[in-house]
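So you can see what is in the structure, the chains are spelled out below.
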Amino acid sequence: MTIDIIQEYATPTQGFFRARLRLCNHDFLEVAEFFQSRQARIQTTEYRYQF
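Structural notes, computed from the coordinates.

Reading guide: rules and limits
Residues numbered from 1 in each chain as written. Predicted model: local features only at pLDDT ≥ 70, side-chain atom pairs only at ≥ 80, totals over all residues. Heavy atoms only, no water. Salt bridge = Lys/Arg side-chain N within 4 Å of Asp/Glu carboxyl O. Helix = DSSP H or I, 4+ residues; strand = E, 2+ residues; numbered from the N terminus. Buried < 20%, exposed > 50% of the residue type's maximum accessible area, 1.4 Å probe, protein only. Polar contact = N/O pair within 3.5 Å; in protein donor to acceptor, adjacent residues only side chain to side chain. Contact = heavy atoms within 4.5 Å. Pairing = 2+ DSSP bridges. Phe/Tyr/Trp six-rings, centres within 6.5 Å; stacked < 30°, edge-to-face > 60°. Lys NZ or Arg CZ within 6 Å of the ring centre and 35° of its normal.

## Here's the deal with the pattern of salt bridges
Thought 1: Counting across every chain of the model gives 3 salt bridges.
Thought 2: Glu 30 is the partner of Arg 18 in a salt bridge, and the nearest nitrogen-oxygen pair spans 3.3 Å. Of this pair, Arg 18 sits in strand β2 (residues 14-22) while Glu 30 sits in strand β3 (residues 28-38), placing them 12 residues apart in sequence.
Thought 3: Exposure remark for Arg 18: the relative accessible area of 25% places this residue in the partly exposed category.

## What about the side chain of Glu 30?
Thought 1: Residue Glu 30 is classed as buried on the basis of its relative accessible area, which comes to 8%.
Thought 2: One polar contact links Glu 30 to Arg 20, side chain to side chain, over a distance of 2.8 Å.
Thought 3: In this structure, Glu 30 is in contact with Arg 18, Ala 19, Arg 20, Arg 48, Tyr 49 and Gln 50, ignoring residues within four places of it in sequence.

## Focus: the pairing of strand β4 (residues 41-50)
Thought 1: Counting buried residues along β4, only 0 of its 10 residues qualify, which leaves the element largely exposed.
Thought 2: Taken together, the 9 bridges between β3 and β4 define a ladder with antiparallel strand orientation. Paired with Phe 34 across the bridge in β4 is Glu 46.
Thought 3: Here β3 folds back onto β4, and the loop between the two strands holds 2 residues, one of which, Gln 39, carries a positive phi near 50°.

## Details of the packing of aromatic side chains
Thought 1: This model, assessed by the stated rule, comprises 1 aromatic pair.
Thought 2: Ring geometry for Tyr 9 against Phe 16: centres 5.9 Å apart, planes inclined by 25°, an arrangement best described as stacked.
Thought 3: On the accessibility criterion, Tyr 9 (39% relative accessible area) is partly exposed.
Thought 4: The class of Phe 16 is buried, set by a relative accessible area of 18%.
Thought 5: Over the ring of Phe 28 we find Arg 20, and its NZ or CZ is 5.0 Å from the ring centre.

Here you go:
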């Protein structure tokens, strides 16, 4: 399996990343996640995936 980070950014209070995972059978899974820091905890605000 390989993982490629397609896009990412982060600030002190929020962040985003998009990655593509190529699986052993040559299929791929793409994931994206937006997260925020709230009260000293990281919380996922939105996510999506596509297989």
